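# Topology and contacts: notes
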Amino acid sequence: MNSLNSNDSVKNMTESALKAGSEHSLEENLSILKELHLSGMAQALSDSKQDNSFLELGFNDQLYELLQVEITKRRNSRYQRRLKKSALTSNATQEVISERKKSYRISQSHIDYLMSGRWHKEGELIIITGKCGCGKTDLASAIVDASCRNGLKCLCVDYSLMITELASALYSGDPNVYENAKKQYYSHDVLFIDDVCIGEQRNGESFVFKDLVQKCRENNRCGLILASQLHPANWLQHMGGSKEAADAVMDRILHNYQHLQLDGQSQRSEKPKFKNEEN
C-alpha cells in the first residue's frame, strides 16, 4: 500500500512539474511539434514525462536538450540517405576495420586518418590492392561510410560497368551525352571504383578512364578510391585503347597518392560486425 502511495506521489509531482505555470497542455505542444515536422523533439518531450532530471532543468536547458535530440535525428537521417545513394556493397565501418588492423597491417592512427577525410582535403588518391577476399572492398567501403557521416556525397561503382557506360557514351558521337555520363561520376565528393582493370579489355577504355580521372583530380573536385587485385604496375598492360592514353591515365593516378597493399588473411571466412548487427 505504501508503494502504491509512493508511485502516485511521484506521478502527481511529475504532472505538477509539467503543468506548473502553463496555460497549455503537453498534448498541445506535442501536436504543434509534429505539425512542424519536429518529430525528434516531439518524441523527446513525450519521453520527458518519465524523466525527473529533465523536469528539474530550467526552460532554456530543457529547450537545448530537445533541440539536440532533433539535430541528432536529422543528421542521422541525412547520413542514411547519403549512405543509400552511395550504393555500397559492403556494410563495413571504421569499427570493423579497427578490429582487423593487425590483419590489414594498418595502424590505428592511419585508420583514423583515412576515416577523417583529410586525404581528400589534401588532394590524395587512395589505391587499395590485394588478393581476392583480403578485404579491399570492406576497407574502401568503411572510408566511404565515414565520408557519408562527414556529410559528403559518395558513390561506389564497378569499374567494368562504368567503363562500358563511358565508352558507349563516347562512341555515341554526342559530346553532351559523353559529358553527362562522366558528370554523374565526378560530381560526387568521393568516388570509389572497385575491381579496377579486372575483366576484358575494351575499346576506348584507357581514354575514358583518363578523362574521368582528370576531371576528378582537377581542383581536387572528387576524391578517388581505386581497388584492384592487380598492382598498379600491371594496370597499363590491361587497359584497352592506345598506349598513350594508358600512360596518361597512370600519370594522373600516380600523383599525390597512397597505396595500401593488403597481404593479410582472407576476410571471406569471417562474418564482419555490420551496423545492423550492432543494434
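This is a predicted model, so every value here is computed, not measured. Each chain carries its own residue numbering, running from 1 in the direction its sequence is written. Restriction of local features to residues with pLDDT of at least 70 applies here, the model being predicted, together with a cutoff of 80 or more for giving and counting side-chain atom pairs; totals for whole chains, interfaces and linings are based on all residues. The side-chain numbers reported here are obtained from all heavy atoms of the structure, hydrogens and water having been left aside.

## Concerning unusual backbone geometry
A positive phi angle, near 60°, is found at Cys 197, a position not held by glycine. Here's how the labels work: a residue is buried when its accessible area is under 20% of the maximum for its type, exposed when over 50%, partly exposed in between, all with a 1.4 Å probe on protein chains only. You can call Cys 197 buried: its relative accessible area is 1%. A positive phi is found at Asn 256, a non-glycine position, where the angle reads about 55°. Only runs of H or I of at least four residues qualify as helices and only runs of E of at least two qualify as strands under DSSP, and these elements are numbered from the N terminus. Its place among the elements puts Asn 256 in the loop between α15 (243-253) and β5 (257-262). Exposure remark for Asn 256: the relative accessible area of 35% places this residue in the partly exposed category.

## Side note on the side chain of Lys 210
Looking at where Lys 210 falls in the secondary structure, it is placed in helix α13 (residues 205-217). Classification of Lys 210 as buried rests on a relative accessible area of 13%. Identification of polar contacts relies on pairs of N or O atoms within 3.5 Å, with a donor-acceptor requirement for protein atoms, meaning one able to donate a hydrogen and the other able to accept it, and with residues adjacent in sequence counted only if both atoms are side-chain atoms. Engagement of the side chain of Lys 210 in a polar contact is seen with the side chain of Asp 211, the distance being 2.9 Å.

## Thoughts on the pattern of salt bridges
Salt bridge criterion: a side-chain nitrogen from Lys or Arg within 4 Å of a carboxyl oxygen from Asp or Glu. Counted under the stated rule, the structure contains nine salt bridges. Between Arg 74 and Glu 70 there is a salt bridge; the shortest N-O distance is 2.8 Å. With a gap of four residues between them, Arg 74 and Glu 70 both fall in helix α5 (residues 59-86), about one helical turn apart. The salt bridge partner of Asp 247 is Lys 243, with a shortest N-O separation of 2.9 Å. Taken together, the residues Asp 247 and Lys 243, both in helix α15 and four residues apart, mark about one turn of the helix.

## Focus: the environment of Leu 155
Looking at the element boundaries, Leu 155 is found in strand β2 (residues 154-158). As a C-alpha pair, Leu 155 and Leu 83 span 72 residues in sequence and 8.8 Å in three-dimensional space. Apart from the residues lying within four places of it in its own chain, the contact partners of Leu 155 are Lys 85, Ser 86, Gln 184, Tyr 185, His 188, Val 190, Leu 191 and Phe 192. When checking whether two residues touch, look at their non-hydrogen atoms; a contact exists if any pair is within 4.5 Å.

## Notes on the packing of aromatic side chains
For this analysis, a ring pair means two rings from Phe, Tyr or Trp (six-membered ring only for Trp) whose centres lie within 6.5 Å, classed as stacked if their planes differ by under 30 degrees, edge-to-face if by over 60, and tilted for the remaining angles. Tallied over the entire structure, the rule returns one aromatic pair. Here the aromatic rings of Tyr 159 and Phe 209 are separated by 5.2 Å at their centres, their planes lie at 80°, and the arrangement is edge-to-face. Separated by 50 residues along the polypeptide, Tyr 159 in helix α11 (residues 159-170) and Phe 209 in helix α13 bring together distant segments of the chain. No difference in accessibility class separates Tyr 159 from Phe 209, as the two residues are buried.

## Quick word on the sheet that holds β2
Only strands that DSSP links by at least two bridges are regarded as paired with each other. The strand order across the open sheet built from five strands is β2-β3-β4-β1-β5, with neighbouring strands paired in parallel fashion. Across the chains shown, the open sheet's two edge strands, defined by having one partner strand only, are β2 and β5. The mean inter-strand angle of the sheet, taken between neighbouring strand axes irrespective of direction, is 15°. Structural elements are reduced to axes, namely lines fitted to C-alpha atoms, with helices fitted over the stretch in contact, and the angle between N-to-C directions of any two is expressed from 0 to 180 degrees.

## Some words on the nonpolar core
Residues enter a nonpolar core if they are buried and are Ala, Val, Leu, Ile, Met, Phe, Trp, Tyr or Cys, with the set joined through side-chain atoms within 4.5 Å. Counting residues in hydrophobic clusters, the biggest one holds 31 residues, and the most contacted among them are Met 162, Leu 191, Ile 193, Phe 209 and Ile 253. At the level of elements, β1 (125-130), β2, α11, α12 (175-186), β3 (190-194), α13, β4 (223-228) and α15 are the ones that each hand at least two residues to this core. In contact with Ile 193, not counting residues within four places along its chain, are Val 157, Tyr 159, Met 162, Phe 209, Leu 212, Leu 224, Ile 225, Leu 226 and Ala 227. Counting 29 residues, the second-largest nonpolar core is a separate cluster that includes Ile 126, Cys 134, Ala 142 and Val 144.

## Topic: the pairing of β1
A large share of β1 lies buried, amounting to six of its six residues. Burial of the side chains of β1 extends over both faces: Leu 125, Ile 127 and Thr 129 are buried on one face and Ile 126, Ile 128 and Gly 130 on the other. With six bridges joining them, β1 and β5 adopt parallel strand pairing. By the bridge assignment for β5, Ile 127 is matched with His 259. As paired strands, β1 and β4 are joined by four bridges and run parallel to one another. Looking at the pairing, Thr 129 lines up with Ser 228 of β4.

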